[in-house]
Amino acid sequence: MTFSLRACFLFLFCFTGHTLAYAKTGPIISGSVRDAEGKIIEFATVALHRATDSVVVKTEFSDANGTFRFEQLPAGQYFVSASQVGFERVQTATFSVSSADQNLPSLRLKPSTKTQLKEVTVQARKPLFEREVDRIVVNVDGSPLSAGATSLEVLSRSPGVTVDQNDNLALRGKQGVLVLIDGKRVPMTGTELGEMLRGLPANSIDKIELITNPPAKYDAAGSAGIIAIKLKKDSRQGTNGSVNASYGYGRYAKLTGGVSLNHRHKKLNLFGSYNYSDRNVFTQLTLHRNFYQNQQFIGSSDQDNQGKTNYISNTYRAGIDYSLSKRTLVGAVVSGLAMNAEARIPNVTQTFDERGNLQSSYRSANRRNLSMPNVAVNMNLKHSFDSTGNRELTADVDFAHYETHRRQNLETSFTLPVQSPTTLLGDLNGSLNIRSFKADYTHKLPNQARLEGGIKVSSVHSDNNVLFTNIREGQAVIDTGKSNQFRYDETISAAYVNFSKTIKKTSVQAGLRSELTNAAGLQVIGNSGFERNYFQLFPSVFVKQTLSKLHDLSISLSRRIDRPTYNQLNPFRAYIDATTYFTGNPSLFPQTSYNMELTHTFRQKFITSISYSRTNQPIIDVVQPAPEGNRQAVSTFQNLTRSDYYGLTMTIPVQPTSWWTMDNNLVAYYQKFIGDLAGTSLNKGLPAYTLNSTSTFTLGRGWTADLTGNYQSRQLYGFLDIRPLGQLNVGLQKSMWSKKGTLKLNVTDVFYTSPLHATSTYENYAEQFYQRQDTRVATISFTYRFGSETISPSRRRTGGAEEEKRRAGSAS
């Protein structure tokens with residue numbers, strides 16, 4: 001650890017003098033808000049609008065000195081508006097943004113002549129989707145479609161995001177996504193991540209950012225990009241809060257509720273929230289498998305799994321921010337999620353010989369209980385070295401503890417051939433501990449230049465025990481072939497340096513990040529282990545050219561890495577049914593990728609991007625015949641040789657009328673995988689596309705409505721051939737009681753068109769499956785806000801354990 005930390009500092013200082021940065025900067029627009037007498041107005045809402053259509057681009061609050069500033073702005077025409085309770089809303093004249101900083105004349109607010117109750121200006125709700133230079137922002141809080149939904153459901157309806165049958169997230173058709181919650185990486189992928197996101201209610205989310213070109217200060221993980229989930233945090237002065245409740249019904253009932261409290265006074269801010277969710281989910285999976293030997297068909301099997309899973313989750317968060325001085329702020333946050341799932345999914349299986357004659361028939365009663373408590377603590381510091389904020393230091397210390405307790409009871413009774421029933425009992429207990437420290441320094445230089453640098457050190461320890469017991473004719477025998485203990489330790493030391501510079505209409509930014517990884521895994525029984533030690537560099541470059549008032553052109557290049565998650569490395573088994581189980585693969589290697597994107601922006605809102613990436617040793621999810629035979633199948637992870645991705649993304653927002661806005665997103669791509677697996681050579685791809693369209697209707701008298709539709713064409717992902725699918729959702733929202741109350745109603749997957757059909761084909765095996773879930777749901781929800789309505793700037797804390805938390809995996 002000491003040597004790694006020294007290496008990070010050495011790298012940081014060696015490259016400070018001559019490395020360019022990726023941190024995206026641009027001209028700064030600043031100003032102040034005052035009353036008619038010239039007195040300072042704190043906490044006024046200041047919005048930056050595009051002049052072409054008045055759409056809000058950014059929102060800030062005036063500080064204790066009444067000042068505000070907007071950064072990272074593309075060239076174009078804008079105007080600024082300001083409002084505050086008790087004053088009339090004002091706006092500036094239209095102005096141009098090019099490459100130079102601007103200080104606007106003071107905005108003078110006049111007292112409102114209306115009564116206090118009517119002083120609040122009713123403003124249009126934020127659009128569901130917003131585009132920024134390097135990301136798409138999904139404003140979850142304001143959408144009626146978020147009512148009663150889970151985080152996973154909201155993600156699946158976001159532009160360019162897809163979720164496969166194993167809950168693997170893909171962004172623009174590419175897997176390898178880094179998921180952050182309030183800046184901290186989630187320690188899970190695949191099924192474990194899906195379970196956790198199902199336990200996080202959408203009503204606790206403020207917004208989701210889809211970042212396709214992350215800056216170099218982020219961890220190098222996430223070859224497909226970053227999905228940053230930002231939770232709600234009340235920014236009102238005084239004591240205030242909100243309560244919410246929702247009830248939904250599809251095949252089964254779904255109930256959520258929560259409360260948030262906030263106290264903000266002068267230097268102190270205390271905040272906390274709690275959410276409860278009790279959701280019953282329907283699942284049905286139908287499988288048909290064909291088996292071959294030497295290219296000759298030797299038999300098949302049919303399976304049907306149908307049942308219900310009950311998810312109960314308790315999510316909590318509490319924290320404190322305290323200003324030690326005008327330049328120094330400290331804070332601490334404790335957050336946690338306790339999720340319990342109980343599944344009852346019976347299975348019916350029949351096997352046939354090569355002529356179609358029935359060979360065997362049996363039923364399995366699969367009962368699974370899963371408990372996943374976790375808690376995380378973050379302590380943070382922010383210090384400005386001068387009053388202008390030109391030099392700033394931030395530091396984070398993170399501790400996180402995750403547990404997984406899985407109990408499984410798989411009872412199988414045979415009708416052909418007749419034999420004694422069997423029972424397989426599984427008992428898995430896992431723990432994961434994460435510790436990390438990071439520090440970031442920012443120095444704004446003259447002539448629109450910025451220098452950044454930072455270090456990070458993280459340590460992970462995972463310990464898992466699993467015990468399988470076979471029961472037959474009343475005799476219990478420990479299955480030593482499946483029982484074991486798996487330990488995993490990993491240390492990553494990283495450092496980066498950034499510099500950015502804008503010259504007239506050209507911005508050039510680049511960065512370099514180094515990461516030193518030391519990892520070791522061990523299966524205690526059998527003393528089988530592995531070690532991974534490697535040092536890698538991750539450069540990134542971004543160039544932007546303003547061609548005219550209407551056209552911008554930019555290009556980005558980067559190298560990224562995706563390490564196997566802790567769950568992907570864990571070799572323990574989890575049985576799906578009597579003939580199918582999941583297991584990790586300790587032999588996995590990291591996948592690395594080179595990424596390039598060329599982007600054209602027209603009128604600051606129509607965006608077209610062309611992208612290419614090459615990934616070496618891509619990690620994919622596969623289903624193939626199990627090594628023990630007996631018509632069993634195993635779901636696991638494997639490295640292929642290479643994959644190539646070509647993509648076209650188009651963003652087309654339109655406004656047919658003053659009360660109707662549309663946001664349309666197209667992602668067309670071609671992805672080819674190359675490799676060999678299970679005796680099968682793979683070297684093919686298929687053009688595919690996703691369409692996402694959202695319409696927002698302002699109906700008047702506090703009513704708004706949303707209509708969203710998405711469509712995914714047929715696609716190939718490795719050995720998996722997925723048929724087209726889509727979804728149509730409709731939502732209605734009513735604001736009442738001076739905007740203190742919000743009523744939401746929605747129906748998701750109206751025509752039930754999201755069930756998944758897919759085929760997985762190898763030389764000796766082919767599987768067809770049809771998966772249905774409880775996606776058509778009608779929900780009603782209500783939220784009530786209480787307390788002070790005075791707004792102040794909020795501070796969102798991002799911690800330093802992001803990468804480790806994403807990869808931890810509940811099975812650890």
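Quick summary incoming for the structure in this document. Only a predicted model underlies this, so the values are computations on that prediction, with no experimental measurement involved.

A word on the overall build of the protein chain
- Looking only at helices and strands, one finds five helices and 49 strands in the protein chain.
- Of all 812 residues assigned to the protein chain, the portion counted as buried reaches 55%.
- Relative to all contacts within the protein chain whose residues are 6 or more apart in sequence, the contacts with residues 24 or more apart total 68%.
- Carbon and sulfur atoms make up 57% of the accessible area of the protein chain, which totals about 33900 Å².

A few points about the side chain of Ser300
- On the secondary structure map, Ser300 appears in strand S22 (residues 296-323).
- A relative accessible area of 8% means that Ser300 is categorised as buried.
- When sequence neighbours within four positions are dropped, the list of residues in contact with Ser300 reads His288, Arg289, Asn290, Phe291, Gln350, Thr351, Phe352 and Arg631.

A short note on the pairing of strand S47 (residues 756-761)
- Here S47 shows a clear split, with Leu756, Ala758 and Ser760 buried on one side and none of His757, Thr759 and Thr761 buried on the other.
- Note: S47 against strand S48 (residues 765-773), six bridges, orientation antiparallel. Looking across to S48, one finds that Thr759 is bridged to Gln768.
- Where S47 folds back onto S48 in an antiparallel hairpin, the turn is made up of three residues.

Topic: the packing of aromatic side chains
- This structure, assessed with the given rule, holds 23 aromatic pairs.
- The rings of Phe291, Phe719, Tyr762 and Tyr765 are connected pair by pair, giving a single aromatic cluster.
- When the ring centre of Phe282 is taken as reference, the NZ or CZ atom of Arg251 above it lies at 3.8 Å.
- Above the ring of Tyr252, the side-chain terminus of Lys308 is found at 5.0 Å from the ring centroid.

Some thoughts on the nonpolar core
- Counting residues in each nonpolar core, the largest one holds 26 residues, and the members touching the most others are Leu432, Ile434, Tyr488 and Tyr575.
- Those elements that place two or more of their residues in this core are strand S25 (391-416), strand S26 (418-445), strand S27 (449-472), strand S29 (484-503), helix H4 (566-569), strand S34 (580-583) and strand S38 (633-639).
- At four residues, the largest contribution of residues to this core is made by S26.
- Counting 24 residues, the second largest nonpolar core, distinct from the first, contains Ile136, Leu193, Leu210 and Leu231.

Structural notes on unusual backbone geometry
- For the bond running from Leu416 to Pro417, omega is -10°, close enough to zero to count as cis.
- Among the structural elements, Pro417 can be located in the loop between S25 and S26.
- Phi is positive for Arg631, which is not a glycine, with a value near 60°.
- Relative to the assigned elements, Arg631 resides in the loop between strand S37 (619-625) and S38.
- The phi torsion at Ala678 lies on the positive side, around 50°, for a residue other than glycine.

Some words on the sheet that holds strand S13 (residues 169-171)
- Here we have three strands laid out as an open sheet, ordered S12-S13-S14, and antiparallel in their pairing. The open sheet terminates on both sides in strands that have one partner only, identified here as strand S12 (161-163) and strand S14 (174-175).
- In this sheet, S13 lies alongside S12 in antiparallel orientation, the contact comprising three bridges. Bridge pairing links Val163 to Leu169 in S13.

Some thoughts on the layout of surface pockets
- Computed from the structure, the second largest pocket encloses a volume of approximately 500 Å³.
- Lining the second largest pocket are 20 residues; nearest its centre among them are Thr412, Phe414, Thr422, Ala578 and Gln632.
- Listed by contribution, the elements that provide at least two residues to the lining of the second largest pocket are S25, S26, S27 and strand S33 (573-577).
- Among the elements that make up the lining of the second largest pocket, the one with the highest residue count is S26 (four residues).

With respect to the environment of Glu411
- Counting through the fold element by element, Glu411 comes out in strand S25.
- What makes Glu411 partly exposed here is its relative accessible area of 31%.
- Non-local contacts of Glu411, meaning those with residues more than four positions away in its chain, are made with Arg363, Ser364, Ala365, Arg367, Thr422 and Thr423.
- Side chain to side chain, Glu411 and Arg367 meet in a polar contact 3.2 Å long.

Rules used in this analysis
- Residues numbered from 1 in each chain as written.
- Predicted model: local features only at pLDDT ≥ 70, side-chain atom pairs only at ≥ 80, totals over all residues.
- Heavy atoms only, no water.
- Helix = DSSP H or I, 4+ residues; strand = E, 2+ residues; numbered from the N terminus.
- Buried < 20%, exposed > 50% of the residue type's maximum accessible area, 1.4 Å probe, protein only.
- Contact = heavy atoms within 4.5 Å.
- Areas by Shrake-Rupley, 256 points an atom, 1.4 Å probe, with all protein chains shown as cover.
- Pairing = 2+ DSSP bridges.
- Phe/Tyr/Trp six-rings, centres within 6.5 Å; stacked < 30°, edge-to-face > 60°.
- Lys NZ or Arg CZ within 6 Å of the ring centre and 35° of its normal.
- Core = buried A, V, L, I, M, F, W, Y, C linked by side-chain atoms within 4.5 Å.
- 1 Å grid on protein atoms, 1.4 Å probe; cavity = no way out; pocket = protein on both sides within 12 Å on 5 of 7 lines; lining within 4 Å.
- Points joined across faces, edges and corners; volume = space filled by probe spheres on them.
- Polar contact = N/O pair within 3.5 Å; in protein donor to acceptor, adjacent residues only side chain to side chain.

The values are spatial; any link to function lies outside them.
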